[in-house]
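So you can see what is in the structure, the chains are spelled out below.
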Amino acid sequence: MNKQAQANTLHCDLLVVGSGAGGLATAVTAARLGLKVVVAEKEAEFGGTTAWSGGWLWVPRNPLAIAAGIDEDPALPRQYLRSELGEDFNPALADAYLSHAPRMVDFFQRHSLLRFIDGNQIPDFHGHSAGAATGGRSVCAAPFDGRQLGAHIHQLKKPLDVISLWGMGIASGVELRHFLNASRSLTSFAYVTRRVLGYWRDCLLHGRGMRLVNGNALAAALAASALQAGVELRLSSPLRQLLREQGKVNGAVLDTPDGPLTVHCSRGVVLACGGFPHDVARKRQLLDHAPTGQEHWSAAPASNTGDGLRLGEAVGGVMGKVASPMALAPVSLAPRADGSNAHFPHLIERAKPGLIAVTANGQRFCNEADSYHDFVSALLRATPAGQQPQAWLVADHRFVRRYGLGAVKPAPVPLGRWLRNGYLQRAHTLQELARRCGIDPAALAQQVARFNQQAEAGQDSDFAKGDTPYNRVQGDKDNAWPNPCMAPLQHGPFYAVKIVPGSLGSFAGLATNASAQVLDAQQQPITGLYAVGNDMHSMMGGHYPSGGITLGPAMTFGYLAAHHAAGRQPDTTL
Ligand SMILES: Cc1cc2nc3c(=O)[nH]c(=O)nc-3n(C[C@H](O)[C@H](O)[C@H](O)COP(=O)(O)OP(=O)(O)OC[C@H]3O[C@@H](n4cnc5c(N)ncnc54)[C@H](O)[C@@H]3O)c2cc1C
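Everything numeric in this text was worked out from a predicted model, so none of it was measured. (Residues numbered from 1 in each chain as written. Predicted model: local features only at pLDDT ≥ 70, side-chain atom pairs only at ≥ 80, totals over all residues. Heavy atoms only, no water.)

Q: What is the right way to read the site of the ligand from this model?
A: Residues in close proximity to the ligand total 37 residues, the closest being Glu-41, Thr-49, Thr-50, Asp-307 and Leu-551. With respect to the ligand, the backbone of Lys-42 contributes an N or O atom lying 3.0 Å from a nitrogen atom. Between the ligand and Thr-50 there is a distance of 2.6 Å, counted from an oxygen atom to a side-chain nitrogen or oxygen. Within the shell around the ligand, the residues separate by chemical class into 15 nonpolar, 18 polar and 4 charged. (Near = heavy atom within 4 Å. Polar contact = N/O pair within 3.5 Å; in protein donor to acceptor, adjacent residues only side chain to side chain. Nonpolar A, V, L, I, M, F, W, Y, C, P; charged D, E, K, R; others polar.)

Q: Just checking my understanding: could you explain the domain arrangement of the chain for this structure?
A: Interfaces are often sized by the amount of accessible area the parts lose when they come together. Once the domains are mapped, the chain shows domain 1 (39–229) and domain 2 (328–503). A straight line from the C-alpha centre of domain 1 to that of domain 2 covers 26 Å. The interface is formed by 19 residues belonging to domain 1 together with 23 residues belonging to domain 2. The largest per-residue losses of area from domain 1 upon contact with domain 2 belong to Phe-125, Val-162 and Leu-180, which jointly make up 36% of the total buried on that side. Applying the counting rule to domain 1 against domain 2 returns 1 salt bridge. (Domains from an automatic or database assignment. Contact = heavy atoms within 4.5 Å. Buried area = accessible area lost by both parts, 1.4 Å probe. Salt bridge = Lys/Arg side-chain N within 4 Å of Asp/Glu carboxyl O.)

Q: What is the right way to read the nonpolar core from this model?
A: As a rule of thumb, soluble globular proteins bury nonpolar side chains together. Ranked by internal contacts, the top residues of the largest apolar core, which has 140 residues, are Leu-15, Phe-108, Leu-242 and Met-555. Per-element accounting of this core gives the leading share, 10 residues, to helix α5 (residues 91–111). Residues from two domains meet in this core; each of domain 1 (39–229) and domain 2 (328–503) gives at least three. In this structure Met-555 touches Ala-21, Ala-25, Leu-57, Met-104, Phe-108, Leu-114, Phe-116, Leu-218 and Leu-222, once residues within four positions along its chain are discounted. Residues Ala-434, Met-486, Phe-494 and Ala-496 belong to the second largest nonpolar core, which totals 18 residues. (Core = buried A, V, L, I, M, F, W, Y, C linked by side-chain atoms within 4.5 Å. Buried < 20%, exposed > 50% of the residue type's maximum accessible area, 1.4 Å probe, protein only. Helix = DSSP H or I, 4+ residues; strand = E, 2+ residues; numbered from the N terminus.)

Put into structure tokens, the structure is as follows:
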């Protein structure tokens, strides 16, 4: 082989395409099992949606819950999935997941730099479904010291700007509570001051925050573990083509800054490109609410354009069927200084007391404290055919300064910028606010009066807000009114932010078996081709039973794919 050809060719055992949780979990596992692994990432930075995420994984019977004495009957989470997924329940995938996800958590705690904290107080989304739990089924990436990445820290995708505070990620749970209470409690104020000063010190010394939390910690810990295990990480190297010989995928062509690179990989290729949240053609095909493919504003990074799915289909892979093609989330479009719009996902504040969501007719359409997926599903159902789905979150001054509203942070962070750029609407009366937003003014005033009565009584007789454990955990236990998710909207000025349909990522993906091998139209595995993360058809069948149901499967099926590629059985001792 001449020198030029050598420079354009690379040999490894396993090529992993994409550097989110799915790809990096596969890479770490495969490298720990002795394979030579290359990770190719399209962007100049690694981490994908994972680096912007909450970093939560839904893992029933995880080792942290068991250590805390929560040792539930394995039949219960299975029953929950059965009742939630209905005819989309796939026993092979569900059983593989439920038995291997706890082992995956154990594996990463023992063989990588990733550590988890428990989510033992976090309930499943649908507390009324059979088998639902009020806690013990979640873990989250523990905070991670970015210095462990060495110079690679500068290649880690930073937290999503609009959900961070000046670029600093805020950990969910206790830390977030301190930030929300900073202007009301001296302890919280001292905590926040320490955190902010530490962040600015890091920015001066390192050019970015080093105390990484949530999804940023997950991506960083996985990447540091991959590099430590000898994985080669190639940035700015999008996959362009899969290579196949005698029916087996055994290589790929990457576009690199130095030109095309052919990678030969004896154990195959793992597609982990994060699904299709920004693939206009596929959105047009699969989303009824996006007739041109543009009317869906995903919060996932723009680089997730469905490449893995298209290239997988090109070698015979087929898409699975799902109840919902997207992991839906309400999104507001928050203008940035450079003229672009951030897609702000409303995951938290909707459940706090003193907010309602209405459509243009001034009427509520759902339980605002339900999950982001349920919220948008309800909005889509409430929208008459042919109309663009949109809604407004409406709150009073007390609410906005206490909890924030979308990209608008709570006091003492100023909100003037959001009023000036039109993101936040404000008026002294509800009628005036309604006129500014294009909502029916009389109907809104009536709706608020009705809601206020219900809030005083603590009972939402229209949508049962505050009825489930999930609602209540998301609400405010220190609320002055009887229901932790409800308070009257009393004193102006009143505020509104417009909501459009968006997502945290996609659910529809390549059909696979329980080892994450991509299946062809005859349901046969395509040798050498795996799909994990959101490139893999959601094992939840397009349902959203609990938080963490994308990252948990992404890492677990990555762990299983790596074992299959290495010809090894996953540890079954746990
Ligand atoms: C704000 C927010 C919060 C969230 N919180 C949670 C949570 O707490 N728990 C949970 O379960 N889910 C959460 N999600 C969803 C979750 O983050 C995603 O489902 C998950 O990260 C997807 O992982 P992945 O590995 O499939 O893809 P990603 O993490 O998106 O990684 C895919 C990578 O592939 C790269 N890529 C794309 N095309 C190519 C190509 N041709 N060649 C090479 N590379 C390519 C992309 O650039 C990207 O870096 C959240 C999402 C958001 C937006």
